[in-house]
Amino acid sequence: MRADLEKTLLDKIQPLARLKATVTAWQKDGKKVVFTNGVFDLLHLGHVTYLAKAAELGDKLIIGLNADSSVRRIKGEDRPINDQNNRAALLASLFFVDGVVLFEEDTPLNLISTLLPDILVKGADYTIDNIVGAKEVIANGGEVKTITFVEGYSSTSIINKIKAQAR
């Protein structure tokens, strides 16, 4: 990998404490910080479209990425397909992603409470009442928004299609 590209990816993938300082600096500069989270196991058009729409809502996009242990608890022992380092690097390679932070917990509540983004984004399959961190973001003066998914795309459906073709 080119050294400058590798440095850029590593600069985007940050531990929470460092990312908190980065977010604080961005907000002091008047930048609107957007946060979303997920597993992003097999990156597909639905993910990229969703993330691009989230990025358009502000100036900086942060992604909370479920660590492998969290994914296994949520999705089962056969997931993730791609490990957390690969998933983080793929997300960081997207030009409109400004930060990626891993979390081990089942929900990103600690990340959201620590980072306090200006805008919290989830898919439209959620309502504001069941979006983790919504209360904290709103109490801090931020907004919570939902984005409609592109129909027909999911990591699970891709995995099932591969399994069916392998039979």
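Keep in mind that what you see is a predicted model, and the values were worked out from it rather than measured.

Overview of the pairing of strand β4 (residues 119–123)
Link 1 in the chain: Among the 5 residues in β4, 5 count as buried, and that is most of the element.
Link 2 in the chain: Bridge count between strand β1 (residues 33–38) and β4: 2 bridges; the pairing is parallel. From the neighbouring strand, Phe35 faces β4, where its bridge partner is Leu120.
Link 3 in the chain: Pairing geometry for β4 and strand β5 (residues 143–147), over 5 bridges, is parallel. Paired with Leu120 across the strands is Val144, a residue of β5.

Let's talk about the packing of aromatic side chains
Ring pairs (aromatic) are described by centroid distance and by the angle formed between their planes.
Link 1 in the chain: Counting across every chain of the model gives 1 aromatic pair.
Link 2 in the chain: Taking 5.2 Å as the distance between ring centres and 80° as the angle between the ring planes, the aromatic pair formed by Phe95 and Phe96 counts as edge-to-face.
Link 3 in the chain: Look at Phe95 and you get exposed, because its relative accessible area is 74%.

With respect to the pattern of salt bridges
Link 1 in the chain: Applying the stated criterion to the full structure yields 4 salt bridges.
Link 2 in the chain: Between Arg87 and Asp68 there is a salt bridge, with the nearest N and O atoms lying 2.8 Å from each other. On the criterion of sequence distance, the pair formed by Arg87 in helix α5 (residues 84–92) and Asp68 in helix α4 (residues 68–75) is long-range, its members being 19 residues apart. By the burial criterion, Arg87 is buried, and Asp68 matches it.

Thoughts on helix α2 (residues 16–28)
Link 1 in the chain: End to end, α2 covers 18 Å across 13 residues, agreeing with the expected 18 Å (1.5 Å per residue, within 8%).
Link 2 in the chain: Within α2, burial applies to Leu19, Val23 and Trp26. Take α2 and look down its axis: the buried residues cluster within an arc of 60°, on one side only. Within α2, the exposed residues directed more than 90 degrees away from the buried face are Ala17 and Lys28.
Link 3 in the chain: Those residues of α2 that are buried are in contact with β1, β2 (60–66), β3 (99–103) and α6 (109–115).
Link 4 in the chain: Gly30 occupies a position one or two residues after α2 and carries a positive phi of about 85°.

Procedures and definitions
- Residues numbered from 1 in each chain as written.
- Predicted model: local features only at pLDDT ≥ 70, side-chain atom pairs only at ≥ 80, totals over all residues.
- Heavy atoms only, no water.
- Buried < 20%, exposed > 50% of the residue type's maximum accessible area, 1.4 Å probe, protein only.
- Helix = DSSP H or I, 4+ residues; strand = E, 2+ residues; numbered from the N terminus.
- Pairing = 2+ DSSP bridges.
- Phe/Tyr/Trp six-rings, centres within 6.5 Å; stacked < 30°, edge-to-face > 60°.
- Salt bridge = Lys/Arg side-chain N within 4 Å of Asp/Glu carboxyl O.
- Expected span 1.5 Å × (residues − 1).
- Arc of directions from axis to C-beta.
- Contact = heavy atoms within 4.5 Å.

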